[in-house]
Amino acid sequence: MGSYDNKLITFCARGFPGTNRSLMNLEKTTGLSKHFILTSSNQDGPEIKFFINHLKTKKPKLVVFGGWNAVYEVFLHELKDEKIQFGIYWTSSPGQVDISEEIDILSLLIKNSQIQHKLFANRGLALSLSGHISNVDYLPDTLILPQLNPEKGKYGRKRKENIIISLFCSPFEYKRKNILNCLLAVSMLKDNYILYLNSLSKNTYYKNILESLNILYKDFGWMTDKKYKKIIEEIDLGLQVSFAETFNHVVAEHIIRGIPVITSRMVPVMQNMSKEIKDKLIVDDPDSHLEIKEKIELLIHNEHLRRKLGTTMLNQIKKENDKRIRSAIEVINKIMR
Amino acid sequence: MNQERCTMQKIDFDQTYVVSGEISHREIEGQILLLRPDDHCLYTVNGTGKFIWIEILKRKPVSMIAKNLAKSFNISEEKACKDVLKFVRDLEKKKIIVKERKK
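Conventions adopted
Residues numbered from 1 in each chain as written. Chains lettered and ligands numbered in written order. Predicted model: local features only at pLDDT ≥ 70, side-chain atom pairs only at ≥ 80, totals over all residues. Heavy atoms only, no water. Buried < 20%, exposed > 50% of the residue type's maximum accessible area, 1.4 Å probe, protein only. Helix = DSSP H or I, 4+ residues; strand = E, 2+ residues; numbered from the N terminus. Pairing = 2+ DSSP bridges. Right-handed = clockwise from strand over helix to strand, strands pointing away. Contact = heavy atoms within 4.5 Å. Buried area = accessible area lost by both parts, 1.4 Å probe. Salt bridge = Lys/Arg side-chain N within 4 Å of Asp/Glu carboxyl O. Polar contact = N/O pair within 3.5 Å; in protein donor to acceptor, adjacent residues only side chain to side chain. Domains from an automatic or database assignment. Expected span 1.5 Å × (residues − 1). Phe/Tyr/Trp six-rings, centres within 6.5 Å; stacked < 30°, edge-to-face > 60°. Lys NZ or Arg CZ within 6 Å of the ring centre and 35° of its normal.

### Observations concerning the pairing of strand 3 (residues 62–66) of chain A
All names here are of chain A.
Here's step 1: Counting buried positions over the five residues of strand 3 gives five, a clear majority of the element.
Here's step 2: Where burial is concerned, the two faces of strand 3 agree: the one with Leu62, Val64 and Gly66 and the one with Val63 and Phe65 are both buried.
Here's step 3: Summarising the sheet, strand 3 and strand 4 (residues 85–90) pair through five bridges and their orientation is parallel. Across the sheet, Val63 pairs through a bridge with Phe86, a residue of strand 4.
Here's step 4: For the crossover from strand 3 across helix 3 (residues 70–78) to strand 4, the handedness is right-handed.

Take a look at the structure:
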C-alpha cells in the first residue's frame, strides 16, 4: 500500500476483465490505490453490504468505479452522507462505446453530479471531453512486467510440432474483435497449428464455424490468473485484429513475454511501436482475412523473426510503460490533492 | 478427543488463535465475509467453516473446537479434528489468523 493508504479505493464488477486488470495493475504500479473486484451482482447481497461498511470504516477520500454496473448505484446511495468523493474509470474508446452499445451509460455518467471525477483510459476521449466537462482526466493503463527473459524462455525449448496461435477475448467483446476474419485466416494455413481460445467455442455459432472450417483448436474456457499466465507462455503468436480497442491487455500480456501479436491499427498498445514492428505486425485492412493470413504465415515460417520482433516489442513496451506509470501517478496526485 | 487418532502432525491442540489485525471481517446474512489487505476479492465462509471461525473468535483451543464441531454436526471426532486442522492451517497460511501468544 502506498502513501495514500486506502485514500483511493477502486471497485470493478467481475464482468469487466480488462478494467479489473487495469485497476489491479494501477494498484501495483503506482502504490497509490487499492482495488477490489465485485463478484456478485446482487444489489442487496452481503458482498455489497460488507464493502459499504468497509468504506464507512476506512473513510477513503475517493472511490472510483471501473466501467459501470447497477451495483455501484447502491454505493452512491448508501454513502451519500459520507465525506467520500466518487469517480468512474471508463476504459472504452469512442469506437468501442458505439460498437458495444455503451453510449446510454456514458451519456448518463458524464452528467451525474454525484460522480465528481471522470477518468478515461482513452486519451482522445479524455482530451475531447475535458474541453466541455470539468474533472475529466486521462488515466493511462499501466503494466506489471514479469521477470522473464524471452531469450531464455520459449525459444530455448525443444521445437514443437505445432505453432500455437492465440485468439483470446471476453464473450462480451466478440462484436469488436473481428473473430470471423481471424478464423478464416487461420483456416487457410497449410502449416501445423493449434488455435488457443478462452471460451469462443462455447458460443454455438462460432463453434459451428470452427468445425466447418476444420480449425484445430483448444478451448481453455475461462482461466484463473495463474492458469492464464501458464497458458500464455506456450503461445508462439497472438491474434488481436480488433475493430475498436482501448488498450488491449491481451496484446500487452503477450508482448511482455516476448510473444509477437498481429493486430489492427486500432490497438493503442501498438501505436508507439517502431516502424518495423508496425510493418510486420499491424494489418492495414482488418476486414481482409487474406492480409491477416499473410502476416501469420510470415511469422510462423520464421522463428528468428518472431523472436526478434518479440524482443524488440518487449523493450519498447518497457519504455512506454515507464511513461504511463509516471503519468498515472501525476493524475492520481492531482485528483487526490 | 484422542489426539493420537488425528493423522495431521505438528499442531498444539491447546493452541488458540486470533484474527490478524489487518483482516476486516463481518457476519452478514449468516455468512462470514473476510477481506485480506493484499486480496482483490472477499472470502466467504459458510457451514462448518463458519462454526470453526466463530469458535476461533471465542478463543477456544483447537481441541475444544473439534470436540464442539463433532457434537454440533454429529460427525466423528476424528473427522472433526481433521476438518478443524485443515481450516485452521489454511487460515494461518493465508495470514488470516495467527497463534495467540500463551501468557
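### Description of the interface of chain A and chain B
Here's step 1: On the chain B side, the residues contacting the 16 residues of chain A number 14 residues.
Here's step 2: A combined buried area of about 1,300 Å² lies between chain A and chain B, and 63% of that area is made up of carbon and sulfur atoms.
Here's step 3: Taken as a group, Lys34, Pro46 and Phe50 of chain A account for 43% of the area that chain A buries against chain B, more than any other trio of residues on that side.
Here's step 4: Summed over the shared surface of chain A and chain B, the result is one salt bridge.
Here's step 5: In this structure, the salt-bridge partner of Glu29 of chain B is Lys49 of chain A, at a minimum N-O distance of 2.4 Å.
Here's step 6: Our count for the chain A to chain B interface comes out at six residue pairs in polar contact (both at pLDDT 80 or more).

### A word on the domain arrangement of chain A
All names here are of chain A.
Here's step 1: Structurally, chain A comprises domain 1 (8–139) and domain 2 (150–319).
Here's step 2: The C-alpha centroid of domain 2 is placed 30 Å from the C-alpha centroid of domain 1.
Here's step 3: Facing 16 residues of domain 1, the contacting portion of domain 2 comprises eleven residues.
Here's step 4: Of the roughly 980 Å² buried where domain 1 meets domain 2, counting both sides, 51% is carbon and sulfur surface.
Here's step 5: The largest per-residue losses of area from domain 1 upon contact with domain 2 belong to Arg21, Gln96 and Ile99, which jointly make up 51% of the total buried on that side.

### Describing the side chain of Lys34 of chain A
Here's step 1: Mapped onto the secondary structure, Lys34 of chain A falls in strand 2 (residues 34–38).
Here's step 2: Residue Lys34 of chain A is classed as buried on the basis of its relative accessible area, which comes to 2%.
Here's step 3: Within polar-contact distance, the side chain of Lys34 of chain A engages the backbone oxygen of Asp39 of chain B at 2.9 Å.

### Structural notes on the environment of Val331 of chain A
All names here are of chain A.
Here's step 1: Relative to the elements of secondary structure, Val331 occurs in helix 13 (residues 303–336).
Here's step 2: Its relative accessible area of 11% is what places Val331 among the buried residues.
Here's step 3: It is 24 Å that separates the C-alpha atoms of Val331 and Met273, two residues lying 58 residues apart in sequence.
Here's step 4: Setting aside its immediate chain neighbours within four residues, Val331 contacts Leu119, Asp137, Tyr138 and Leu139.

### With respect to the environment of Cys81 of chain B
Here's step 1: In this fold, Cys81 of chain B is placed in helix 3 (residues 77–93).
Here's step 2: What makes Cys81 of chain B buried here is its relative accessible area of 1%.

### Section: helix 1 (residues 17–30) of chain A
Two residues of an α-helix separated by three or four positions point the same way, owing to the 3.6 residues in each turn.
All names here are of chain A.
Here's step 1: With 14 residues, helix 1 extends 20 Å from end C-alpha to end C-alpha; this agrees with the ideal 20 Å at 1.5 Å per step.
Here's step 2: Buried within helix 1 are the following residues: Thr19, Asn20, Arg21, Ser22, Leu23, Met24, Asn25, Leu26, Glu27, Thr29 and Thr30.
Here's step 3: After helix 1 finishes, the residue Gly31 shows a positive phi value of roughly 70°.

### Quick word on the packing of aromatic side chains
Here's step 1: Evaluation of the coordinates by the stated rule reveals 15 aromatic pairs over all chains.
Here's step 2: Centre to centre, the rings of Phe36 of chain A and Phe51 of chain A are 5.0 Å apart; their planes meet at 40°, and the pair counts as tilted. Taken together, the positions of Phe36 of chain A in strand 2 and Phe51 of chain A in helix 2 (residues 46–58) put the pair 15 residues apart, joining distant regions of the chain.
Here's step 3: The interplanar angle of 75° and the centroid separation of 5.3 Å between the aromatic rings of Tyr174 of chain A and Tyr206 of chain A together place this pair among those described as edge-to-face. Residue Tyr174 of chain A is located in the loop between strand 7 (163–167) and helix 7 (179–187), and its partner Tyr206 of chain A is located in helix 8 (residues 204–212); the two are separated by 32 residues in the primary sequence. Side by side, Tyr174 of chain A and Tyr206 of chain A carry an identical accessibility label, which is buried.
Here's step 4: Put simply, the rings of Phe11, Phe36, Phe50, Phe51, Phe65, Trp68, Tyr72, Phe75 and Phe86 of chain A touch in pairs and so form one group of aromatic residues.
Here's step 5: Above the face of the Phe50 of chain A ring, Arg26 of chain B is positioned so that its terminal group lies 5.4 Å from the ring centre.

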